[in-house]
Amino acid sequence: MNADMRTRTRTNSIKGLVCAIAALATIATAYAQSEVIYDNSSDPILGTFVPEDSGFEFGDQVTFAGTERVVTEFRLEYFSSEATGNAVIRFRANDGAADFQDGAPTNQLEPSTLLYQSDPIALQADFNQIEITGLSVPVPADWFTFTIEFTDLAGAQNVGLLIRNPPDVGVSFDDVWVRPADGDWALRQIPLTTANLAAQIVAVPEPGTVALALLGVGSLFGFMRRRRRSEERRVGKECRSRW
């Protein structure tokens, strides 16, 4: 193999390696970038909501946009008249029993399987936001129900989650889930307004999605290596035939 042919083959090999590295970097960057998959944080504020017993667990079932399904960030807006008490945030899969209202099915499944539960979060007075970051919560479907449960409130304390509508990203049903003391979930309407609680959810792709992409790049790189070796053998044969 003469010097020009060796140089050409080596150059092609380097180009292939550079392309593979660039592809891997692109995929890694895409995985690192998070996307908002649900956002109901735009004005106007339509009011606040809390069940008749502020100690009940309650929340909103939302459907996500995009394809990212590992939740990394969650934000929720609330009002409290006093800097007293705590809140616990939960994510629940809607894989429970079928919901009925007045004996008729609503075609919705109750919140059930616990996907995430926060530590108690201290409430602050006035309008505030709960922000939870650094999460890695896989979601098994394109929807779930986020809930809140207030604890240790003062006797006359007024608390509630903010209501906004419509969501800018994703979809929310026009009702909320409430879990009374008996443990049976029920859908509730909010009179004179749309029952969409103010929240934002951020997520990244599932690891399996990235793994498949990396596998594809690996297969491409393997093909390029085989092609390079085939080229080297062909060039070698040409050199030998000339001599």
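The following paragraphs examine the structure supplied in this document. Remember, predicted model here, so these are calculated numbers, not experimental data.

### Structural notes on the environment of Ala93
Inference 1: The residue Ala93 is located in the loop between strand S5 (86-92) and strand S6 (98-101) in this model.
Inference 2: Placed 17 residues apart in sequence, Ala93 and Glu110 show a C-alpha to C-alpha distance of 8.4 Å.
Inference 3: Not counting chain neighbours up to four residues away, the residues in contact with Ala93 comprise Glu110, Pro111, Ser112, Thr113, Leu115 and Pro140.

### A short note on the packing of aromatic side chains
Inference 1: Summed over the entire model, instances satisfying the criterion amount to eight aromatic pairs.
Inference 2: Pairing Phe74 with Phe91 gives two aromatic rings, centres 5.1 Å apart and planes at 70 degrees, and the pair type is edge-to-face. Within this pair, whereas Phe74 is found in strand S4 (residues 70-80), its partner Phe91 is found in strand S5, the two being separated by 17 residues in sequence. We note that Phe74, like Phe91, is buried.
Inference 3: Relative to Phe146, the ring of Phe74 lies with its centre 5.3 Å away and its plane at 55 degrees, an arrangement referred to as tilted. With a gap of 72 residues between them, Phe74 in strand S4 and Phe146 in strand S12 (residues 143-151) connect regions that are remote in the sequence. One exposure class covers both Phe74 and Phe146, and it is buried.

### Focus: the environment of Pro120
Inference 1: By the secondary structure assignment, Pro120 is in the loop between strand S8 (114-117) and strand S9 (121-122).
Inference 2: It is 9.0 Å that separates the C-alpha atoms of Pro120 and Phe150, two residues lying 30 residues apart in sequence.

### Points about the side chain of Gln200
Inference 1: Here Gln200 shows up in strand S17 (residues 199-204).
Inference 2: Those residues in contact with Gln200 that sit more than four places away from it in its chain are Val36, Tyr38, Asp39, Ser41, Glu73, Phe74 and Arg75.

### Quick word on the pattern of salt bridges
It is possible for side chains of opposite charge to pair when their charged atoms get near one another.
Inference 1: By the definition in use, this model includes 10 salt bridges.
Inference 2: Note that Glu52 and Arg188 form a salt bridge whose closest N and O atoms lie 3.0 Å from each other. Taken together, the positions of Glu52 in the loop between strand S2 (45-49) and strand S3 (57-63) and Arg188 in strand S16 (residues 186-188) put the pair 136 residues apart, joining distant regions of the chain.
Inference 3: Judged by relative accessible area, which is 24%, Arg188 ranks as partly exposed.
Inference 4: Notably, a salt bridge pairs Arg90 with Glu57, separated by 3.7 Å at the nearest N-O pair. Of this pair, Arg90 sits in strand S5 while Glu57 is found in strand S3, placing the two residues 33 residues apart along the sequence.

Cut-offs and rules
- Residues numbered from 1 in each chain as written.
- Predicted model: local features only at pLDDT ≥ 70, side-chain atom pairs only at ≥ 80, totals over all residues.
- Heavy atoms only, no water.
- Helix = DSSP H or I, 4+ residues; strand = E, 2+ residues; numbered from the N terminus.
- Contact = heavy atoms within 4.5 Å.
- Phe/Tyr/Trp six-rings, centres within 6.5 Å; stacked < 30°, edge-to-face > 60°.
- Buried < 20%, exposed > 50% of the residue type's maximum accessible area, 1.4 Å probe, protein only.
- Salt bridge = Lys/Arg side-chain N within 4 Å of Asp/Glu carboxyl O.

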